[in-house]
Amino acid sequence: MVPYGRQSIDDADIQAVTDVLRSDYLTQGPAVPAFEERVARHVGARYGVAVNSATSALHIACLALGVGPGDRVWTSPVTFVASSNCALYCGATVDFVDIDPRTYNMSVERLAEMLERAQAEGTLPKVVIPVHLAGQSCDMAAIAELAKRYSFAVIEDASHAIGGNYQGRPVGDCRYSDVTVFSFHPVKIITTAEGGLATTNRDDLAAGMRLGRSHGITRDPAEMRSVPDGPWYYEQITLGFNYRMTEMQAALGLSQMDRLHQFISTRRHLAAAYDGRLASLALTTPWQDPSTESAWHLYVIRLDDPDRHRATFEALRTAGIGVNLHYMPVYLQPFYRDMGFQPGHCPEAERYYARAISIPLFATLGERDFDLVVDAVSAAVGG
Ligand SMILES: *Cc1c(COP(=O)(O)O)cnc(C)c1O
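These lines cover the structure that appears in this document, whether it is placed above or below. Within any chain, residue numbers begin from 1 and follow the written order of that chain's sequence. Given that the model is predicted, a residue must reach a pLDDT of at least 70 before its local features are reported, and side-chain atom pairs must reach 80 or more before they are shown or counted; all residues, however, enter totals for whole chains, interfaces and linings. Water and hydrogen atoms were dropped before computing side-chain values, which therefore reflect all heavy atoms in the structure.

Let's shift gears to unusual backbone geometry. Of note, the amide linkage connecting H326 to Y327 takes the cis form, showing an omega dihedral of 5 degrees. Strands here are runs of E lasting at least two residues and helices are runs of H or I lasting at least four, both read from the DSSP assignment and numbered beginning at the N terminus. Relative to the helices and strands, Y327 is located in the loop between helix 10 (309-318) and helix 11 (334-337). The backbone of Q28 sits at a positive phi, close to 55 degrees, despite the residue not being glycine. Tracing the sequence through the fold places Q28 in the loop between helix 1 (11-21) and helix 2 (31-43). Unlike most non-glycine residues, A193 shows phi in positive territory, near 75 degrees. Assignment of secondary structure puts A193 in the loop between strand 8 (179-183) and strand 9 (196-200).

Its location among the elements puts G196 in strand 9. Accessibility here uses a 1.4 Å probe with only protein chains present; expressed as a share of the type maximum, an area under 20% marks a residue as buried, one over 50% as exposed, and anything in between as partly exposed. Residue classification places G196 among the buried positions, given a relative accessible area of 0%. Note on definitions: a residue-residue contact is assigned when non-hydrogen atoms from the two residues lie within 4.5 Å. Residues contacting G196, with those up to four places away along its chain left out, are V49, A50, V51, N52, S53, A54, F182, S183, F184 and M245.

With respect to the element layout, L205 can be found in helix 7 (residues 203-213). By relative accessible area, which is 0% here, L205 ends up buried. With 106 residues separating them along the chain, L205 and I99 place their C-alpha atoms 28 Å apart. If near-sequence neighbours (up to four positions away) are discounted, L205 is found in contact with A64, L65, D178, V179 and T200.

In plain terms, two cysteine sulfur atoms within 2.5 Å form what is called a disulfide here. Following the criterion strictly, the structure yields 0 disulfides and no others. Just so you know, C62 is unpaired, no disulfide at all, and the nearest cysteine sulfur is the one on C86, 3.8 Å from it. The exposure class assigned to C62 is buried, which follows from its relative accessible area of 0%. C174 takes part in no disulfide bond, and the closest cysteine sulfur to it belongs to C138, at a distance of 14 Å. Classification of C174 by relative accessible area gives buried; the value is 5%.

As for its placement among the helices and strands, T191 is situated in the loop between strand 8 and strand 9. Every residue in contact with T191, bar those within four places of it in the chain, is listed here: Q7, I9, F184, H185, P186, L252, G253 and Q256.

A fitted line through C-alpha atoms represents every axis, and for helices the fit uses only the stretch in contact; the resulting angles, taken between N-to-C directions, go from 0 to 180 degrees. Viewed as axis vectors pointing N to C, helix 5 (residues 108-121) and helix 6 (residues 140-150) meet at an angle of 5 degrees, and their least axial separation amounts to 10 Å. Considered as vectors, helix 5 and helix 6 are oriented roughly parallel to each other. Counted together, V108, L111, A112, L115, E116 and Q119 of helix 5 and A142, I143, L146 and Y150 of helix 6 form the full contact between these two elements. Basically, the charged four are Asp, Glu, Lys and Arg, the nonpolar ten are Ala, Val, Leu, Ile, Met, Phe, Trp, Tyr, Cys and Pro, and anything else, Gly included, counts as polar. Taken together, the residues of the contact of helix 5 with helix 6 sort by class into 8 nonpolar, 1 polar and 1 charged. Any angle that is under 35 degrees is reported as roughly parallel, and any over 145 degrees as roughly antiparallel; angles of 65 to 115 degrees are reported as roughly perpendicular and all others as oblique.

With that settled, the discussion passes to the pattern of salt bridges. Definition used for salt bridges: Asp or Glu carboxyl oxygen within 4 Å of a side-chain nitrogen of Lys or Arg. For the coordinates displayed, the defined rule picks out 15 salt bridges. In this structure, the salt-bridge partner of E113 is R110, at a minimum N-O distance of 2.9 Å. Here E113 pairs with R110, and both are found in helix 5, just 3 residues apart, close to one helical turn. Residues D204 and R202 are paired through a salt bridge, measuring 2.7 Å at the closest nitrogen-oxygen approach. We classify D204 as partly exposed; its relative accessible area is 44%. Three or more residues joined by partner-sharing salt bridges are found here, namely D10, D13 and R259.

Take a look at the structure:
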C-alpha cells in the first residue's frame, strides 16, 4: 500500500536523537528551547512554545487567551477534531463556519455573516480558529480585519502548514493572529513523532502558554506572589498540565528543520506534477489562492460525481493506494451530534465531504509510486 503520508527520517535525525539519549537531559534540557528558537526564527515570530502535540498547543493557547465556560469558539468544520475539542476542554461552546468551495478553508463571507448575526444576538465568539487545510493559508488579512471589528482573538491551526507562505511571508509569523499552532505528527510536514509548537508575538500569551504546559508553575520571581523562600522555591500560580516536549523530540525536530525547505520543495513539485497528470479527469485539483504558497501537507482531489465517491475510494484502496478523507465535518461526529448539531449545518462542508479524496503526497514518494497513483486515479475516476 502506498500510504497517503509518511515521515522521512535520515541518519542525521537518528544521530541527533541518540546524542540526546547519551546526554544528561532527556527532558527540560537545552534542546527544547533551541527548537523553539529555531522554529520561531524561521517563521518570524517572537516566541515559540513547544509541547507534546498540536492538540496540547491548541488547548494552552485557548487557556492563555482566557477561554472558559460561557465563552464561544468558532472553527472550520473541515478539520481534525482537535481544532474544536480544544475549546470544549476549556468549558466553552463551539460552532462551525462553513467553508469556501474553492479553498475548502473557512469562508470569510460566511464568517462575516455569522458575526453580524451573533452581534445582534449578543453571542459573539471569544476566539476564532481558522485552519490552513492541506497547508494553504486562510485569508488571514480579511479574518484579522473582522477580529478587530468584532473583538475576537485568532488562533491559526497551522498543523498542516509549516513551510507555507501567505502574502510572501511564512505562516506562523502571527502578523494576523494571536497564536499559530503547528503539529509534528509523522504524517505532517516535519516530525518529532508526537509534538506541537505554538508561536506568538505577545509576551503575555507566551508566558501563559508556558504556564499551561508545565503545571501552572513558575520559577520567575517576577511572576510570583511572594518573595522566594530560597533557591528551591517555585510557585504554582494557575492550573496547568504536563504537556512538555522531550529532549529527544526537540532534537529530532531541530534536525528535521534542516530539511524543511527540501521537504516543501519536493511536495510542491509533486503537487504540480499531479496537477498536470490529473487535469483531464472528472475531478477538481486543488485550487490555489494567488496570495498563498501551500506547504502541501495534503493533495485533495474533488470528484465531479458524488455518486461515484465511495466506489472510487474503494477502487483506489484495492489498487494499493492508501487514500484517505480529510475530513468528515466535525459536527457530524456522534459526540458533536449529541450537542445538537444536525446535518445541513454547513452545506459546503458536506458537499466537500461527499466528493473529497486525499491521495498520497509526502517527501519520499518515489517516481514509481507516483506513477502508480496517477494510473490508479485515472482508471478509477475516468475522464
Ligand atoms: C494533526 C492535526 C491536529 C492535531 O495534531 P497533533 O499533533 O496530532 O495533536 C490538529 N489540527 C489539525 C488540522 C491537524 O491536522
